Amino acid sequence: MSLTVATWNINSVRLRIGNVERYLRLRKPDVLCLQETKCPDEFFPHLAFEALGYRHRLVQGMKSYNGVAILSRVPFTATTIHHRCGKEDCRHIEAALDLGGDPILLDNLYIPAGGDIPDPDENVKFAHKLDFYREMAKWYAARKPSPRARKGLRRIAVGDLNVAPLEHDVWNHKQLLKIVSHTPVEVDLFAQLQASLDWIDVPRRFVAADKKLYSWWSYRNNDWRISNRGRRLDHILATPALSGAIRSHHIDTDLRDWEKASDHVPVMATFDV
């Protein structure tokens, strides 16, 4: 069977629920992971997702900031809410997807943006971001299967990771080296995270590293298409045990033109599992 997973920083799920419903009708992913839902759990629009067949849901939200949700047609065998860096700020949830046999573990992550000043001594938000990356890399490394494990670990991590790691994940590599999301320290920590479970960068399986690839365009651009000053901040990672199952990916760039658009667009991948 196939499994299609999509990730989207929606920048307020209640404000943009119409766009989410439209997207789900258009693409029909098996699982949709949202970040920056900005919605306390008691106000989450469950009925809209229930009506579209997403009957399995894990949400963790707060008023005005952050928030993550996993909406699924696939049942869960288990769910976990994780707290990172000593904070309960709604940035990491995990669901085990019941696809027969060993479940596929799915992480939905909203890593801190980090503010504007790329100096942890001057900017506590940037320090938090770096600490979050370090903690995640250690946490994943502790879950790396032994070389003797036959099947290995089937795990997918998605979300707004707030780092554009490659030169062509940003519109201008040299100009952005001192801009938060593409600084050398962030890129190095992204590499450490990727190495922790030998993660496969799914979209880059299909798009060569020397080709531009974006998922975010700032609201500050008057015409985002003409300026095209994008960054790839939204990621889908898969463990080596799923390498042979990766079939396709798609970034819905046109959604940036929708009314009340998020500054991010959905990224989707399909696996034959």
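Going by the structure above, here's the rest.
The rules behind these values
Residues numbered from 1 in each chain as written. Predicted model: local features only at pLDDT ≥ 70, side-chain atom pairs only at ≥ 80, totals over all residues. Heavy atoms only, no water. Helix = DSSP H or I, 4+ residues; strand = E, 2+ residues; numbered from the N terminus. Contact = heavy atoms within 4.5 Å. Core = buried A, V, L, I, M, F, W, Y, C linked by side-chain atoms within 4.5 Å. Buried < 20%, exposed > 50% of the residue type's maximum accessible area, 1.4 Å probe, protein only. Pairing = 2+ DSSP bridges. Polar contact = N/O pair within 3.5 Å; in protein donor to acceptor, adjacent residues only side chain to side chain. Disulfide = S-S within 2.5 Å. Axes fitted to C-alpha atoms, helices over the stretch in contact; angles between N-to-C directions. Parallel < 35°, antiparallel > 145°, perpendicular 65-115°, else oblique. Left-handed = near helix turned anticlockwise from the far one by under 90°. Nonpolar A, V, L, I, M, F, W, Y, C, P; charged D, E, K, R; others polar. Phe/Tyr/Trp six-rings, centres within 6.5 Å; stacked < 30°, edge-to-face > 60°. Lys NZ or Arg CZ within 6 Å of the ring centre and 35° of its normal.

Peer 1: Can you help me understand the environment of Thr-77 in this one?
Peer 2: Locating Thr-77 in the fold gives a position in strand β5 (residues 76-84). Thr-77 sits 26 residues away from Pro-103 along the chain, and the two C-alpha atoms are 7.5 Å apart. In contact with Thr-77, other than residues within four places in its own chain, are Ala-96, Asp-98 and Pro-103.

Peer 1: Looking at this structure, I do not really get the nonpolar core. What am I missing?
Peer 2: Soluble, globular proteins show a tendency: their nonpolar side chains are buried together. The biggest cluster of nonpolar side chains holds 56 residues, and the ones touching the most others in it are Leu-3, Tyr-23, Leu-34, Phe-49, Leu-106, Ile-156 and Phe-271. When near neighbours in sequence (up to four residues on either side) are disregarded, Leu-3 contacts Asp-30, Val-31, Val-74, Leu-97, Leu-99, Ile-104, Ile-156, Ala-269, Thr-270, Phe-271 and Val-273. Counting 22 residues, the second largest nonpolar core, distinct from the first, contains Met-136, Leu-153, Phe-190 and Leu-197.

Peer 1: Would you explain the sheet that holds strand β7 (residues 104-110) in this entry?
Peer 2: As a general point, the strands of a sheet are linked pairwise by backbone hydrogen bonds and lie either parallel or antiparallel. The mixed open sheet is built from six strands, whose spatial order is β5-β6-β7-β8-β12-β9. The strands lining the two open edges of the sheet, one partner per strand, are β5 and β9 (200-201). When β7 meets strand β8 (residues 155-160), the two strands line up parallel, connected through six bridges. Bridge pairing links Asp-107 to Ala-157 in β8.

Peer 1: Is there a simple way to explain the side chain of Lys-129 in this structure?
Peer 2: Mapped onto the elements of the fold, Lys-129 is located in helix α3 (residues 124-141). For Lys-129, the side chain forms a polar contact with the main-chain oxygen of Asn-162, separated by 2.6 Å. Among all residues touching Lys-129, those that are not within four sequence positions of it are Ile-111, Pro-112, Ala-113, Gly-114, Asn-162, Val-163, Val-180, Ser-181 and Glu-186.

Peer 1: Teacher, can you tell me more about the state of the cysteines here?
Peer 2: One way to say it: the disulfide is the covalent bond shared by the sulfur atoms of two cysteines. Enumeration according to the criterion identifies zero disulfides in this entry. No disulfide involves Cys-39; its nearest neighbouring cysteine sulfur is the one of Cys-90, lying 11 Å away. Taking relative accessible area as the criterion, Cys-39 reaches 1% and is therefore assigned buried. Residue classification places Cys-90 among the buried residues on the basis of a relative accessible area of 6%.

Peer 1: Honestly, the side chain of Ser-181 in this entry has me stumped. Any pointers?
Peer 2: With respect to the helices and strands, Ser-181 occurs in the loop between β8 and α4 (184-196). Sequence-distant contacts of Ser-181, that is, excluding residues within four places in its chain, are made with Lys-129, Asn-162, Val-163, Ala-164, Glu-186, Arg-231 and Leu-233.

Peer 1: Hey, could you run me through the sheet that holds strand β4 (residues 68-72) in this one?
Peer 2: In spatial order, the strands read β3-β4-β2-β1-β14-β13; together these six strands make up an open sheet with mixed pairing. The open sheet terminates on both sides in strands that have one partner only, identified here as β3 (56-60) and β13 (246-251). The mean inter-strand angle of the sheet, taken between neighbouring strand axes irrespective of direction, is 10 degrees. Here strand β1 (residues 2-9) pairs with strand β2 (residues 31-35) via five bridges, running parallel. Among the inter-strand pairings, Asn-9 is bridged to a residue of β2, identified as Gln-35. Contacts from helix α1 (residues 17-27) reach β1, β2, β13 and β14 (267-272), with the element oriented near 155 degrees to β1.

Peer 1: Help me understand the packing of α3 against α4, please; the structure alone is not making it clear to me.
Peer 2: Describing two packed helices takes the angle between their axes plus the distance from one axis to the other. Closest axis-to-axis distance for the α3/α4 pair is 8 Å, and the angle between their directions is 15 degrees. One way to sum up the angle between α3 and α4 is to call them roughly parallel. Handedness of the α3/α4 crossing: left-handed. Along its contact with α3, which presents Phe-126, Lys-129, Leu-130, Tyr-133, Arg-134, Met-136, Ala-137, Tyr-140 and Ala-141, the element α4 presents Val-185, Glu-186, Leu-189, Phe-190, Gln-192, Leu-193 and Ser-196. By residue class, the composition of the contact of α3 with α4 is eleven nonpolar, two polar and three charged.

Peer 1: I tried to follow the packing of aromatic side chains on my own but got confused; where do I start?
Peer 2: Describing an aromatic ring pair means giving the distance of the ring centres and the angle of the ring planes. The tally for this structure, following the rule as stated, stands at seven aromatic pairs. Ring centres of Tyr-133 and Phe-190 lie 6.4 Å apart, and the angle between their planes is 50 degrees; this geometry places the pair in the tilted category. With Tyr-133 in helix α3 and Phe-190 in helix α4, this pair connects stretches of sequence that are 57 residues apart. The same class applies to Tyr-133 as to Phe-190, namely buried. In this structure an aromatic cluster arises from ring pairing among Trp-139, Tyr-140 and Trp-199. We note Arg-84 situated over the ring of Trp-139; from NZ or CZ to the ring centre the distance is 4.5 Å. The ring of Trp-171 carries the charged tip of Arg-229 above its face, separated from the ring centre by 4.3 Å.

Peer 1: Looking at this structure, I do not really get the environment of Ala-269. What am I missing?
Peer 2: Positionally, Ala-269 belongs in strand β14. When the C-alpha positions of Ala-269 and Cys-85 are compared, they lie 29 Å apart, and in sequence the two are 184 residues distant. Residues in contact with Ala-269, not counting those within four places in the same chain, are Leu-3, Thr-4, Val-5, Val-202, Ile-236, Ser-248 and His-249.

What is shown is where atoms sit, not what they do.
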